[in-house]
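Residue-level listing of the chains:
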Amino acid sequence: QVQLAESGGGLVQAGGSLRLSCAASGRLFSSYNMAWFRQAPGKERESVAAISWSGGSTYYADSVKGRFTISRDNAKNTVYLQMNSLKPEDTAVYYCAARYRLRGSNWPPREYDYWGQGTQVTVSS
């Protein structure tokens, strides 16, 4: 069982930056591929970024490439999402998710085992 807790959301002006954190419980964090998703009001949840269990592979949605950076610190059981040059269309609830690395071979994973509760990011114009 893995529990995920996001933090770092808030209100920021367009062009600003935020850093989201997702702290995971448990001793096997380094065995999980991790990802960030977001869901805006009235829209479907979408994948934003993913990072492999070792940190050696990453994935970014086209809409955030060059602006967002996903990273992880396995010693701290934490995954991060650095968001720069934020736009109003980045406004959403951001969720982190975990997928055990030995379940499935797709990259990025199509399904996830655990989800956090989400943190709100609001970008004003």
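Residues numbered from 1 in each chain as written. Predicted model: local features only at pLDDT ≥ 70, side-chain atom pairs only at ≥ 80, totals over all residues. Heavy atoms only, no water.

Visitor: Requested: an account of unusual backbone geometry, with residues and values cited.
Guide: A cis amide bond links Trp-107 with the next residue in sequence, Pro-108, at an omega value of -5°. Looking at where Pro-108 falls in the secondary structure, it is placed in the loop between strand S9 (92-100) and strand S10 (114-115). Of note in this structure, Asn-77 is not a glycine but carries a positive phi near 55°. Here Asn-77 shows up in the loop between strand S7 (68-73) and strand S8 (78-83). Using a relative accessible area of 17% as the deciding quantity, one classes Asn-77 as buried. The phi dihedral of Ser-85 falls on the positive side, at around 50°, and the residue is not glycine. (Helix = DSSP H or I, 4+ residues; strand = E, 2+ residues; numbered from the N terminus. Buried < 20%, exposed > 50% of the residue type's maximum accessible area, 1.4 Å probe, protein only.)

Visitor: So what's going on with the state of the cysteines? Residues and values would help.
Guide: Applying the stated criterion to the full structure yields one disulfide. Linked covalently through their sulfurs, Cys-22 and Cys-96 form a disulfide whose S-S length is 1.9 Å. Here Cys-22 and Cys-96 share a disulfide; its torsion about the S-S bond, 45°, makes the bridge right-handed. With Cys-22 in strand S3 (residues 18-24) and Cys-96 in strand S9, this residue pair connects regions lying 74 residues apart in the sequence. Like Cys-22, the residue Cys-96 is buried in the burial classification. (Disulfide = S-S within 2.5 Å.)

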